[in-house]
Structures are given as C-alpha cells and as structure tokens.
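Examining the three-dimensional arrangement
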Amino acid sequence: MATLLYIHGFLSSPLSFKAQQTARWLSSVHPDIAFYCPQLPPYPAQTQYQLEQLVKSLLPQPVYVMGSSLGGFWATWLAEKYNLKAVLINPAVRPQDFMPAYLEVDLKSYRTDDSYRLHAGHITEIIAADIPITRPANYWLLLQTGDETLDYRQAVQKYAGCKQTIEEGGDHAFQGFERYLDDCITFFQQTYV
C-alpha cells in the first residue's frame, strides 16, 4: 500500500489545517493510500531520525512526501536521500537564516502544549541537512507570492528546473490548497506507473 507522509511546519503539528484537510480528503477519495503525519520536534537531528525511521519502515512500498514550510525543507531532505517524489507547499529554503531569532527562548507549539528551547548546535544540525537538489523531476513546488513568512523567490531559485506552480497573492498557509490534492496524487503516482 502506498503512503502519503505529510510533514508539518515549524512548531506546528498533525492538527494543522492542511494536514487535517489532506487526511480527510485521502480517506474519502483515496482510501487505498495510507496517511502519516508524525508530531515532529523543532530539533533537527531528532526530526531527521524520526522521519528516517518512519520512511525505512514503509519502504519498499511507494512513499509520497508532502511538506509545508519547514516541512518542505525536511521533505526535500527525504526526497533526495531516498529518491522519493515530494510536493512542497511554501517551503522553507534556508531555515538556518531565521533560526537565530528562536535561540535560547521558550518556544511553544502552535497546536499542542509542547514547549522547546533551541540552542546554537541546532543551527549546525540544520545546515548539515541543507542539501542541493539533484533530482528535479521528483519535486512539485506550490508557492503563493503573498507568503508573509518566507520569501517565495528563494524557493523559485532553489527548485529551478522543478515543476513549479506560483500563484499571485495568497499567504503562508497557501489559500485554496485543497484544489491541488487530486493533481498531487497524479504527480506522485507517475513514478510508480
């Protein structure tokens, strides 16, 4: 059975709107595809380990990866490491650039009671996971230019040569995301036809 792995953003959770929307849509339209959205900490090495263990447990069956914001960064890392297809929604391209603002302060998850504290070593860990794109055909980039959190142009540049859909306006949450769910599944399944 194929699996769609949805990777949420920084300080988010499986309760995020897009994750829940995707899970509901899959269960009604594609019950043949399993859905996973693990709760991930903001600590890079822990996130890498957790995602890698999950993907290893799911292979060799098809694994489709979808990531939003920082989840897009992790989706890229997995797609490169395991040759997976990934849909990236307003992805973070250089999280190490915004991480210093979050160091040594108490951080709270947006949707859970979890709290965290990042240290300088976490920036080193995320830099080590920032890898170049070597398989452009594996990616579909969904961007909205009105993203108030990340500069969409960084993603346009990093994912040059990849399939890109860029919409004027919108926001970081990517308004109207559900319009693309059916096309996302088509994109994912092209690899395994």
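Criteria and cut-off values
- Residues numbered from 1 in each chain as written.
- Predicted model: local features only at pLDDT ≥ 70, side-chain atom pairs only at ≥ 80, totals over all residues.
- Heavy atoms only, no water.
- Core = buried A, V, L, I, M, F, W, Y, C linked by side-chain atoms within 4.5 Å.
- Buried < 20%, exposed > 50% of the residue type's maximum accessible area, 1.4 Å probe, protein only.
- Helix = DSSP H or I, 4+ residues; strand = E, 2+ residues; numbered from the N terminus.
- Phe/Tyr/Trp six-rings, centres within 6.5 Å; stacked < 30°, edge-to-face > 60°.
- Pairing = 2+ DSSP bridges.
- Axes fitted to C-alpha atoms, helices over the stretch in contact; angles between N-to-C directions.
- Contact = heavy atoms within 4.5 Å.
- 1 Å grid on protein atoms, 1.4 Å probe; cavity = no way out; pocket = protein on both sides within 12 Å on 5 of 7 lines; lining within 4 Å.
- Points joined across faces, edges and corners; volume = space filled by probe spheres on them.

1. A look at the nonpolar core
Formed by 39 residues in total, the largest nonpolar core has its most connected members in L5, I7, W74, L78 and Y159. Of all the secondary-structure elements, those providing two or more residues to this core are β1 (3–7), α2 (44–58), β3 (63–68), α3 (70–82), β4 (85–89), α5 (120–129) and β7 (139–144). With 22 residues, the next largest nonpolar core counts W25, C37, L142 and F174 among its residues.

2. Here we look at the packing of aromatic side chains
Here the structure, examined in full by the defined rule, presents twelve aromatic pairs. Ring centres 6.4 Å apart and planes at 65° place the aromatic pair F10 and F98 in the edge-to-face group. With F10 in the loop between β1 and α1 (17–29) and F98 in helix α4 (residues 95–98), the pair connects residues that are 88 residues apart, well separated along the chain. Overall, F10 belongs to the buried group, its relative accessible area being 12%.

3. Overview of the sheet that holds β7
Spatially, six strands are ordered β2-β1-β3-β4-β7-β8 in an open sheet, and the strand pairing comes out parallel. Both outer strands of the open sheet, β2 (34–36) and β8 (163–167), are each paired with one neighbouring strand and no more. Taking the axes of each pair of neighbouring strands and ignoring which way they run, one obtains an average angle of 15° across the sheet. Alignment of β7 against β8, held across five bridges, turns out to be parallel. In the sheet register, L142 faces β8, and the bridge partner there is T165. Strands in contact with helix α7 (residues 181–189) are β1, β3, β4, β7 and β8; relative to β4, the strand with the most contacts, it is inclined by about 150°.

4. Topic: the layout of surface pockets
Approximately 530 Å³ is the volume found for the largest pocket. Taken together, 24 residues make up the lining of the largest pocket; nearest its centre are S12, K18, S68, S69 and H172. Among the elements that line the lining of the largest pocket, the one with the most residues is α1, at three residues.

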